[in-house]
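What follows is the residue order along each chain.
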Amino acid sequence: MTQLIYPFKDAVSVDPLQVSGNVHSVDSFGTVDGPGTRYVVFLQGCLFRCKYCHNRDTWDLDGGQKKIAGDLVKEIVAYKPFMEASNGGVTVTGGEPLLQVPFVKALFTALKEENIHTCLDTNGYATKYNQELDDLLAHTDLVLLDLKQVDDKRHKALTGVSNKRTLKFAQYVAEKGIPAWIRLVVVPGYTDDEKTARQMAEFIQPMSNVEKVELLPYHELGKHKWEAFGDRYPLAGVEPPSKDTLLKLQAIFSEYHIKATF
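Heads up: these notes are all about the structure in this document. Worth saying up front: this structure is predicted, and the values here are computed from it rather than measured. (Residues numbered from 1 in each chain as written. Predicted model: local features only at pLDDT ≥ 70, side-chain atom pairs only at ≥ 80, totals over all residues. Heavy atoms only, no water.)

## Remarks on a nonpolar patch on the surface
Moving on, step 1. Taken together, the side chains of L47, L61 and L99 define a hydrophobic patch exposed on the protein surface, amounting to about 220 Å² of accessible area.
Moving on, step 2. Secondary-structure assignment places L99 in the loop between β4 (89–93) and α3 (101–113).
Moving on, step 3. The partly exposed category is assigned to L99, whose relative accessible area is 30%. (Patch = residues over 30% accessible without salt bridge, like charges linked within 9 Å, V, L, I, M, F, W, Y side chains within 5 Å. Areas by Shrake-Rupley, 256 points an atom, 1.4 Å probe, with all protein chains shown as cover. Salt bridge = Lys/Arg side-chain N within 4 Å of Asp/Glu carboxyl O. Helix = DSSP H or I, 4+ residues; strand = E, 2+ residues; numbered from the N terminus. Buried < 20%, exposed > 50% of the residue type's maximum accessible area, 1.4 Å probe, protein only.)

In C-alpha cells:
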C-alpha cells in the first residue's frame, strides 16, 4: 500500500487520516449502491425522518463506532482486487454522510490515491458550502442523490424536513459536473403519481451530469428496526408499487429524455 500523506488547507496541520467518524456498520460485498461490487460504509446519524426508512438504527447522531479514517482505508484496500474485478469501489452512505464531511473527505482523498472509485450516497443535507465540502466532492467519482420529493410540502410530509437543502445540493453537484444518479423511492400515496415524476423530471432535465434515475420500489424490510426501538412503523400495511406503476413513471421520465431504471 502506498504511503498515505496528503496536504490539507487547514489552519492547523493535522494528519487527515487521523480524523475519526461515527460508523454504523460496513458491508464488504455490496451490489446495489453504485456500479460493480462495492465496499459500503454506513455512517451514523441522520436528520431526516423518512416514513419508510429501513435504517432506523442510524438516526442517533451519537451512536455507532468511532473509526479512524486511516484504519478504515487499510481495511478497505484489502478488498481492492474484488472491487477492481467488477469495476466497483467504495460507497459511503448512512445515515447521512454530509453530516460528517471531514471524515468522508479524508477517506475519499486516501481512496483516490489508491485509484479506488468513490461514491457518495446522500440525501443532500449539506449545511455548509466551504472548501472542505469542495475537497470532498473533488474526490467523489459518483453521487447517488436520494431525492424524495421535489414538492416541498409533500417532502416534509414524507421526511419531516424541507427539501431546500437537497435541491440546492443537487444543483451544486450539477454545476461541478460530478456524475450523479438520482434515486426516487416509489412510495404508494407519496411518490408514485404522475405529478411527482413530472416535477422531478423538469427539475433534473437541465442537469447534464445526471446519468439516470433509479426508481426504487418501496418495501417495509426495515419495519422490524422501528419496532425494536419501540416506534410505530408509519407505513404499516402499505404494499409495494406494482410493475405497471413503475413502467408508468419510467415512461414519464423518458418523455424528458431521462433514463429511468428499476
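## Structural notes on the side chain of D152
Moving on, step 1. Examined against the element boundaries, D152 turns out to sit in helix α5 (residues 152–159).
Moving on, step 2. The class for D152 is buried, based on a relative accessible area of 18%.

## Examining the pattern of salt bridges
Moving on, step 1. Counted by the stated rule, this structure contains 16 salt bridges.
Moving on, step 2. Where K80 meets E114, a salt bridge forms, and the shortest distance between an N and an O atom there is 3.7 Å. Of the two residues, K80 sits in helix α2 (residues 80–85) while E114 sits in the loop between α3 and β5 (117–122), which places them 34 residues apart along the sequence.
Moving on, step 3. Residue class for K80 comes out buried when judged on its relative accessible area of 17%.
Moving on, step 4. A residue is classified by how much of its surface remains accessible, and E114, at 6% relative accessible area, is buried.
Moving on, step 5. Note that K212 and E214 form a salt bridge whose closest N and O atoms lie 3.9 Å from each other.

## With respect to the packing of aromatic side chains
Moving on, step 1. Taken as a whole and judged by the stated rule, the model has five aromatic pairs.
Moving on, step 2. Seen in terms of ring centroids, Y39 and Y79 are 5.4 Å apart; in terms of plane orientation they differ by 55 degrees. Their pairing is tilted. Pair noted here: Y39 is in strand β2 (residues 38–43) and Y79 is in the loop between α1 (69–77) and α2, with a separation of 40 residues, a long-range link.
Moving on, step 3. Between W226 and Y233, the aromatic rings sit 5.7 Å apart at their centres with planes inclined by 80 degrees, giving edge-to-face as the arrangement. (Phe/Tyr/Trp six-rings, centres within 6.5 Å; stacked < 30°, edge-to-face > 60°.)

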